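For reference, the chains in residue letters:
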Amino acid sequence: MTIRPMKFTPEVLLGAPRRSAAVPNSSGTLAVYTQTSYSFESHAKTSEIRIIDISTGRSSLITNDPSASSPQWLGDDDRLIWLKTKANGNTSFIIGHAREAGKTYTAGTVPGPVSNLKVTVIEPGKIGFAVTGKANPDGSLYNPHDAKKPHTTGKLYSSLFVRHWDSYIEPQTNSIWYGLLQQAPLSPATRHAGKYSASGLTNLISVCGLTGVESPIPPFGGSGDFDISPSAIVFVAKDPNENPATHTSCSCYYCPLFSWTSVTASESQKIYAVKGLEGAMSSPVLSSDGSSIVLLAMREDGYESDKNRILYVPNPWSGEMIEAFASPDGEGLWHLSPSAVTFANDDQSLLIQVEENGRGVLYQLPLANFRQSRPSALKKLTHSGYVTDVFPASAKSSKLLIASNSLVENSRWTILDPQAPESPKVISSLSRGGAAFGLSPAQVDEIWFTGAEDHPVHAWVVKPSDFKPGNKYPLAYLIHGGPQGAWNDQWSTRWNPAVFAEQGYVVVTPNPTGSTGYGQAFTDAIRGSWGGLPYIDIEKGLNYIENNLDYVDTTRAVALGASYGGYMMNWIQGHELGRRFKALVTHDGIFSTRSLLSTEELYFPVRDLQGPYWKVPENWDKWDPSRFTGNWQTPHLIIHNELDYRLTIAEGLAAFNVLQMRGVESQFLTFPDENHWVLNPENSLMWHHTVFNFINKFVGLPSESGADMENGVANISL
């Protein structure tokens, strides 16, 4: 398919194909991936499973069944297995072939929805598999189609959570299920000869007798919360003895599998956290033979943005954990916080993904002398963009197939040799390096300026694709959420700096105090200073832009932010910095810090504001934007969604009410079916059009075409 360059509009951003990482087969000749796209003409989504020929870059379709998901290679040949969701909620295991797309058969069906398929070869003709799915209180697989509808809608709770992210807590919990795929003999020559059949599912957590344990960890846990090998399954889960709304502490469980079809209780070895590492855990991975584990763990319970430490478990039966880069003071010798870790193909080194100075990079760390490891042993394999996944290029190769993206490129796959990382080979770029969108790396720059307490602060700068030296452009100043997060050289379909730049803005995305990827001390420094150090950084950043970027017209500046970024918009609105912007946009932000008592993950405000409200009310009130509403006067767009249980819709309504009562030009946009994010493409398109139409008029840019918003939209004024 030929992709022609086009103006990068919200329609292009949201309708462009989105693809997963590519997973190579054993021989390294093919890779399988999923791809989705959305058409604003037909108002329909397309979902595909595809393969790519690694030598030629040519892609071919395996299936466009919208109910197909989780493709995996089946053993060492070119057969594939994937999941197919059925109309009655059941899930079938479909076997196909990468080189014969039309030849498929059903290996078995389980009585409910499952996902996150993983497979492991036990012996020729026998393949173990694991999936995730909801479990009923009795341990059976939950199928919402079979659930009896209650006569009342009431829900009674006696402990937290009541609701989480965008849904109310139900009796069903996440669980990991395992089973066996067994191949029939080739002889006698029957219609089943050589075909695989799936056993029933066994609830791993139930048979291990782990009461109250839930994995994957809600609400975002998935395949990264567990791993499988021929001899064991490993997973992480929150501590069942602690309240999940006020604690992040986790445990790692190692479950040996002596039979992949057993439904009786098995001996399980639980690995407890090392003393001093009492926080969250993630990314558990088994070595190829299941004899050792590596995972990430945090030290502080209740702090979801604590530094991840790399833990190596050489022998799961002993339970000994060795921390990489350990130091006597407990801080660790490496200042960065990895986001994912896995074993290299030969199990002799680790591959580590980590945020660093606005990029998502890949490092390699030898396992030799792990107990005495130092950061100097790390080998940096990538230097730009944002690595999202890494896989062995083949079963016997040390080379890697890396999935990444950037601020102008939505999906890039490369083959990289760790022995020569400076020469990666691009096998596929979905947008031809951004050219298919009319974007170019030349649009992207970065700046460093001196922030609060003389600390260096980093920011990305994205210019319009038709940028002309000598011209002046209005500023779009984007403040990230978290607050422990960062703007990276990374693609996004929700807050994409390039789509703002193509409206005619110079976009600047600062990473102020509290941001990740610049050392844990910088991340931690926001505690007790929500409207303090970051506000100073943001103000000094605007001063730097005004004094040093002569192509930016700071008299035509707008500022936007979501979540904590939305909090900062409301904070700015009540302070002097708010008068330097022509318009502000708050998406799902915080109006009053006291209202954070209605959030679900209560450990977050309690930790960041240094205690619960009844103990330190002065800390909560000090940084409360609602205390400064008497100063609100800058035009302001408020966006808040009904299903946002992280920050409830009352926050957005309160802000809009104040603006309207004060006579400040303002609008309120809400989506009753969206949560903290806007995920539906049609809703996201309206989001973009509404935002651009609001801010553009204040800086002299044209309105977003085709965005009269009259179709199906309640546009009400009193």
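Per-chain numbering applies: the sequence of each chain, read as written, is numbered from 1 onward. Local features are withheld for residues below a pLDDT of 70 in this predicted model, meaning they are given only at 70 or higher, and side-chain atom pairs are given and counted only at 80 or more; totals for whole chains, interfaces and linings count all residues. Hydrogen atoms and water are omitted, and side-chain values are computed over all heavy atoms in the structure.

Visitor: Is there a simple way to explain the pairing of strand 26 (residues 349-356) in this structure?
Guide: The side chains of a regular strand alternate between both faces of the sheet. Of all eight residues making up strand 26, eight are buried, and the element is well covered by its neighbours. Burial along strand 26 is two-sided: the face carrying Ser349, Leu351, Gln353 and Glu355 and the face carrying Leu350, Ile352, Val354 and Glu356 are both buried. Whether two strands pair comes down to DSSP finding at least two bridges between them. Strands are runs of DSSP state E lasting at least 2 residues, helices are runs of H or I lasting at least 4, and numbering of each runs from the N terminus. The pairing of strand 25 (residues 338-343) with strand 26 spans five bridges and is antiparallel. In the strand pairing of strand 26, Phe343 is matched with Leu350. The buried label applies to any residue whose accessible area, calculated with a 1.4 Å probe on protein chains only, is under 20% of its type's maximum; exposed applies above 50%, and partly exposed to all values in between.

Visitor: Looking at this structure, how should I read the sheet that holds strand 34 (residues 456-462)?
Guide: The strands that make up a sheet are held in pairs by hydrogen bonds between backbone atoms, and each pair lies either parallel or antiparallel. On the basis of which strands lie adjacent, the open sheet formed by eight strands has the order 33-34-36-35-37-38-39-40 and mixed pairing. Two strands in the sheet have a free side with no partner beyond their single neighbour: strand 33 (444-450) and strand 40 (666-669). The sheet shows a mean angle of 20° between the axes of neighbouring strands, taken without regard to direction. With five bridges joining them, strand 34 and strand 36 (residues 506-511) adopt antiparallel strand pairing. From the neighbouring strand, Trp460 faces strand 36, where its bridge partner is Thr509. Any two residues whose heavy atoms approach within 4.5 Å at even a single point are treated as in contact. Note on definitions: angles span 0 to 180 degrees between N-to-C directions of axes, and those axes are lines fitted to C-alpha atoms, for helices only across the stretch in contact. Lying on the sheet, helix 9 (residues 649-661) is in contact with strand 39 (636-639) and strand 40; it crosses strand 40 at an angle near 160°.

Visitor: How should the domain arrangement of the protein chain be read in this particular structure?
Guide: Taken as a whole, the protein chain is organised into domain 1 (17-113), domain 2 (115-143 + 167-186 + 193-277), domain 3 (337-430) and domain 4 (445-699). Segmentation of the chain into domains, including their bounds, is taken from an automatic or database domain assignment. Taking the mean C-alpha position of each, domain 3 and domain 4 sit 32 Å from one another. Opposite the 15 residues of domain 3 that make contact, domain 4 presents 17 residues. A 1.4 Å probe defines the accessible area here, and the buried area is the portion of it lost by two parts on being joined, summed over both. Surface buried jointly by domain 3 and domain 4 totals about 1,300 Å² across both partners, of which 52% is contributed by carbon and sulfur atoms. Contact with domain 4 buries area across many residues of domain 3, yet Glu355, Gly358 and Leu407 alone supply 47% of it, more than any other trio. A pair is scored as a salt bridge if a Lys or Arg side-chain nitrogen falls within 4 Å of a carboxyl oxygen belonging to Asp or Glu. Counting every contact that joins domain 3 to domain 4 gives one salt bridge. The term polar contact refers here to a pair of N or O atoms within 3.5 Å; inside protein, the definition further demands a hydrogen-donor-capable atom paired with an acceptor-capable atom, and it admits residues adjacent in sequence only when both atoms are side-chain atoms. At the boundary of domain 3 and domain 4, one finds eleven residue pairs in polar contact (both at pLDDT 80 or more). Only Asp, Glu, Lys and Arg are considered charged in this grouping, and only Ala, Val, Leu, Ile, Met, Phe, Trp, Tyr, Cys and Pro are considered nonpolar; every other residue, Gly among them, is considered polar. Split into classes, the residues belonging to the side of domain 3 that touches domain 4 amount to three nonpolar, eight polar and four charged.

Visitor: Explain the packing of helix 5 (residues 533-548) against helix 6 (residues 564-573) here, please?
Guide: Packed helix pairs are specified by the crossing angle of their axes together with the interaxial distance, meaning the distance between the axes. In contact at an axis separation of 11 Å, helix 5 and helix 6 are set at 75° when each is read in the N-to-C sense. Viewed along their axes, helix 5 and helix 6 adopt a mutual orientation that is roughly perpendicular. On helix 6, the residues that touch Pro534, Tyr535 and Ile538 of helix 5 are Tyr564, Met568, Trp571 and Ile572. Tallied by class, residues from the contact of helix 5 with helix 6 come to seven nonpolar, no polar and no charged. Should an angle lie under 35 degrees it is considered roughly parallel, over 145 roughly antiparallel, and from 65 to 115 roughly perpendicular; all remaining angles are considered oblique.

Visitor: When you look at the sheet that holds strand 24 (residues 322-323) in this model, what are you seeing that I'm missing?
Guide: What the four strands build is an open sheet, ordered 21-22-23-24; its pairing is antiparallel. What marks the edges here is a single partner per strand, and that holds for strand 21 (281-286) and strand 24. Of the pairings in the sheet, the one linking strand 21 to strand 22 (residues 293-297) comprises four bridges and is antiparallel in character. Within the sheet, the bridge partner assigned to Ser282 lies in strand 22 and is Leu296.

Visitor: Is there a simple way to think about helix 9 in this case?
Guide: Three- or four-residue spacings in an α-helix give side chains the same orientation, since the helix completes a turn every 3.6 residues. For helix 9, which comprises 13 residues, the first-to-last C-alpha distance of 18 Å matches the rise-based estimate of 18 Å (1.5 Å per residue) to within 8%. Turning to helix 9, its buried residues are Ile649, Glu651, Gly652, Ala655, Phe656, Val658 and Leu659. Tucked into the core, helix 9 has its buried residues touching helix 6, strand 39 and strand 40. At the exit of helix 9 stands Gly663, carrying a positive phi of roughly 75°. Expected span, for any helix, means 1.5 Å times one less than how many residues it has.

Visitor: Before we go on, may I ask you to explain the environment of Asp608 in this structure?
Guide: With respect to the helices and strands, Asp608 occurs in helix 7 (residues 603-608). Exposure remark for Asp608: the relative accessible area of 1% places this residue in the buried category. Residues Asp608 and Pro483, 125 residues apart in the sequence, show an inter-C-alpha distance of 9.6 Å. In terms of polar contacts, Asp608 uses its side chain to reach the side chain of Gln484, at 3.2 Å.

Visitor: Honestly, the packing of aromatic side chains in this entry has me stumped. Any pointers?
Guide: Each pair of aromatic rings is reported with the distance of its centres and the angle of its planes. The pairing test for Phe, Tyr and Trp rings, Trp by its six-membered ring, is centres within 6.5 Å, and the orientation test on the planes gives stacked under 30 degrees, edge-to-face over 60, and tilted for anything in between. Applying the stated criterion across every chain yields a total of 36 aromatic pairs. Measuring from ring centre to ring centre gives 5.5 Å for Phe220 and Trp677, while their planes differ by 15°; the resulting arrangement is stacked. Of the two residues, Phe220 is situated in the loop between helix 2 (204-207) and strand 17 (226-229) and Trp677 in the loop between strand 40 and helix 10 (681-699); the sequence distance between them amounts to 457 residues. Overall, the relative accessible area of 27% leaves Trp677 in the partly exposed class. Ring geometry for Tyr254 versus Trp317: centroids 6.0 Å apart, planes at 80°, classification edge-to-face. Taken together, the residues span a long stretch of sequence, with Tyr254 in strand 19 (residues 250-256) and Trp317 in the loop between strand 23 (309-313) and strand 24 at a distance of 63 residues. The exposure class assigned to Tyr254 is buried, which follows from its relative accessible area of 4%.

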